[in-house]
Amino acid sequence: MNQTNFYVGRPDSVALDTLFRRYWCAKGWAHGVVSDAELAHAKMAGVMFDPANITHDNSVRLAIGMRQKLAPKAVANAFLASLSTRRLDLRSALGSYGAMLNLPAHNYEMGNGISCAVCGDYGASANFDVSVLNFERFKWGGVRHDQPTYEAFDLAWLCSRTIPEPTEGDLDIMRTMIDVLSSLPAAARPGDAEKAIADLFPSNTNERRILIGILGLAGVLIPRDLPTFWNGYPRISERKQPLNKNDWEYPAMWWRGADGVNREALNFWFPRL
Ligand SMILES: [Zn+2]
């Protein structure tokens, strides 16, 4: 299957219900039963997809093509518009675009494990489950922002639809969020940042954790002493990992209150703030 074909479509509530039932239940991740008719409808709606054969090199090419096609402003507007509306599918792309702002064109480079030494994506996946990427995006705002396969998928989704203009209300939420994050104590950790913004917009803890991760990928919340996607493209081995693995995305996991908010990145994405 051609990789460019599975990106079209628009959200449809019946199709989204099928997507969620397929992957999630009250207890968490699930393998829900979906009828052939439901699957066919979800596929027609562009919400679920046939499995695809994916290669690293094609994903990197597609992702870089999307970066050339999509203006940073469009991605930032989609992020802003996601705040009041809770449209998590629109929120994700700032993380993807931020993570590949400086992604170099490259072919798969053998590393220590089974993933690319440059970007961490896999070399090739046969029958890759594309639908789960869409589930993760609608559920949390995406979780694989630093993988070119997800970046290409995520940005193509945004390219294929009209992005709502952020409202004054969205801008106010963002301004308040930046004020709150700028005023945290020097020792504050990402978890403190997540709690501090809890009441500012409709959201749950996991959605806010992903949002903090997205702001890290976009260079807004970054540790001063580590390589980030804002000031270059850190290879996998340069992305410092904690001794005890946690769910925070790099580099937001190392951000502390003392690092503050990076105004340069803020002005790049959100000049209207
Ligand atoms: Zn790579």
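Cut-offs used in this document
- Residues numbered from 1 in each chain as written.
- Predicted model: local features only at pLDDT ≥ 70, side-chain atom pairs only at ≥ 80, totals over all residues.
- Heavy atoms only, no water.
- Axes fitted to C-alpha atoms, helices over the stretch in contact; angles between N-to-C directions.
- Helix = DSSP H or I, 4+ residues; strand = E, 2+ residues; numbered from the N terminus.
- Parallel < 35°, antiparallel > 145°, perpendicular 65-115°, else oblique.
- Left-handed = near helix turned anticlockwise from the far one by under 90°.
- Contact = heavy atoms within 4.5 Å.
- Nonpolar A, V, L, I, M, F, W, Y, C, P; charged D, E, K, R; others polar.
- Donors = N, O, S within 2.8 Å, 3.2 Å for Na, K, Ca; no water.
- Tetrahedral: all angles 85-135°; square planar, octahedral: opposite > 155°, others 65-115°.
- Buried < 20%, exposed > 50% of the residue type's maximum accessible area, 1.4 Å probe, protein only.
- Salt bridge = Lys/Arg side-chain N within 4 Å of Asp/Glu carboxyl O.
- pLDDT = per-residue confidence, 0-100.
- Expected span 1.5 Å × (residues − 1).
- Polar contact = N/O pair within 3.5 Å; in protein donor to acceptor, adjacent residues only side chain to side chain.

Undergrad: Talk me through the packing of helix α5 (residues 88-99) against helix α10 (residues 205-217); I want residue IDs and the actual numbers.
TA: Here α5 crosses α10 at 30 degrees, and the two axes come no closer than 7 Å. It follows that α5 is roughly parallel to α10 by the angle criterion. α5 and α10 meet at a crossing whose hand is left-handed. Listed contacts from α10 to L88, R91, S92, L94, G95, G98 and A99 of α5 are E207, L211, I214 and L217. For the contact of α5 with α10, a count of residues per class yields 6 nonpolar, 3 polar and 2 charged.

Undergrad: So, the coordination of the zinc ion: which residues are in play, and what are the values?
TA: Bound to the zinc ion on the protein side are H56 (NE2), H106 (NE2), C116 (SG) and C119 (SG), at distances that span 2.1 to 2.3 Å. Every donor counted, the 4 donor atoms about the zinc ion form angles of 100 to 120 degrees at the centre, which fits tetrahedral coordination. Between consecutive donor residues of the zinc ion, the sequence gaps follow H-x49-H-x9-C-x2-C. For the residue pair C116 and C119, the accessibility class agrees, reading buried in each case.

Undergrad: Tell me what's going on with the packing of α5 against helix α7 (residues 148-159), and back it up with residues and numbers.
TA: For any two helices packed against each other, the geometry is given by the interaxial angle and the distance between the axes. Running from N to C, α5 and α7 cross one another at 130 degrees; their axes reach a closest spacing of 9 Å. Considered as vectors, α5 and α7 are oriented oblique to each other. Read as a crossing pair, α5 and α7 show a hand that is left-handed. Along its contact with α5, which presents D89, L90, S92, A93, S96, Y97 and A99, the element α7 presents Y150, E151, D154, L155, W157 and L158. In terms of residue class, the contact of α5 with α7 is built from 8 nonpolar, 2 polar and 3 charged.

Undergrad: Break down the pattern of salt bridges for me, citing the residues and quoting the values.
TA: Under the definition given, this model contains 13 salt bridges. For E207, the salt bridge is made with R86, and the minimal N-O distance between the two is 3.0 Å. Here the residue E207 occupies a position in helix α10, and R86 occupies one in the loop between α4 (72-85) and α5, the gap between them amounting to 121 residues. Residue R86 is classed as partly exposed on the basis of its relative accessible area, which comes to 37%. In this structure, R144 engages E136 in a salt bridge whose closest nitrogen and oxygen atoms are separated by 2.9 Å. One network of salt bridges, in which partners are shared, links D17, R21 and E38.

Undergrad: Could you give me a rundown of the confidence of the model for the protein, with the residues and numbers involved?
TA: Per-residue confidence for the protein averages 93 on the pLDDT scale, and 96% of its residues sit at or above 70. Low pLDDT, under 50, characterises residues 1-10; the stretch is placed with 31 contacts to residues that sit more than four places away or in other chains.

Undergrad: Outline α4, supporting the account with residue identities and numerical values.
TA: Along its 14 residues, α4 runs 20 Å from first to last C-alpha, staying within 8% of the 20 Å computed at 1.5 Å per residue. Turning to α4, its buried residues number three or more, namely V75, A76, N77, A78, F79, L80, A81, S82 and L83. On its buried face, α4 sits against α5, α7, α8 (168-182), α10 and α11 (263-269). One or two steps after α4, the chain reaches R86, where phi turns positive at roughly 60 degrees.

Undergrad: Now, about the side chain of H145: what can you tell me, with residues and values included?
TA: As for its placement among the helices and strands, H145 is situated in the loop between α6 (131-140) and α7. Here H145 falls in the buried class, since its relative accessible area comes to 0%. For H145, the side chain forms a polar contact with the side chain of S92, separated by 3.4 Å. Within the structure, the side chain of H145 is placed 2.9 Å from the backbone oxygen of G141, a separation counted as a polar contact. Residue contacts for H145: discarding those within four places in its chain leaves S92, G95, S96, A99, Y150, E151, I210, I214, L217 and E249.

Undergrad: Break down unusual backbone geometry for me, with residues and values.
TA: Residues Y250 and P251 are joined by a peptide bond in cis, for which omega reads 5 degrees. Mapped onto the fold, P251 is located in the loop between α10 and α11. Even without a glycine there, the phi angle at R86 is positive, about 60 degrees. Phi at N127 takes a positive value of approximately 50 degrees, unusual for a residue other than glycine. Mapped onto the fold, N127 is located in strand β4 (residues 124-128).

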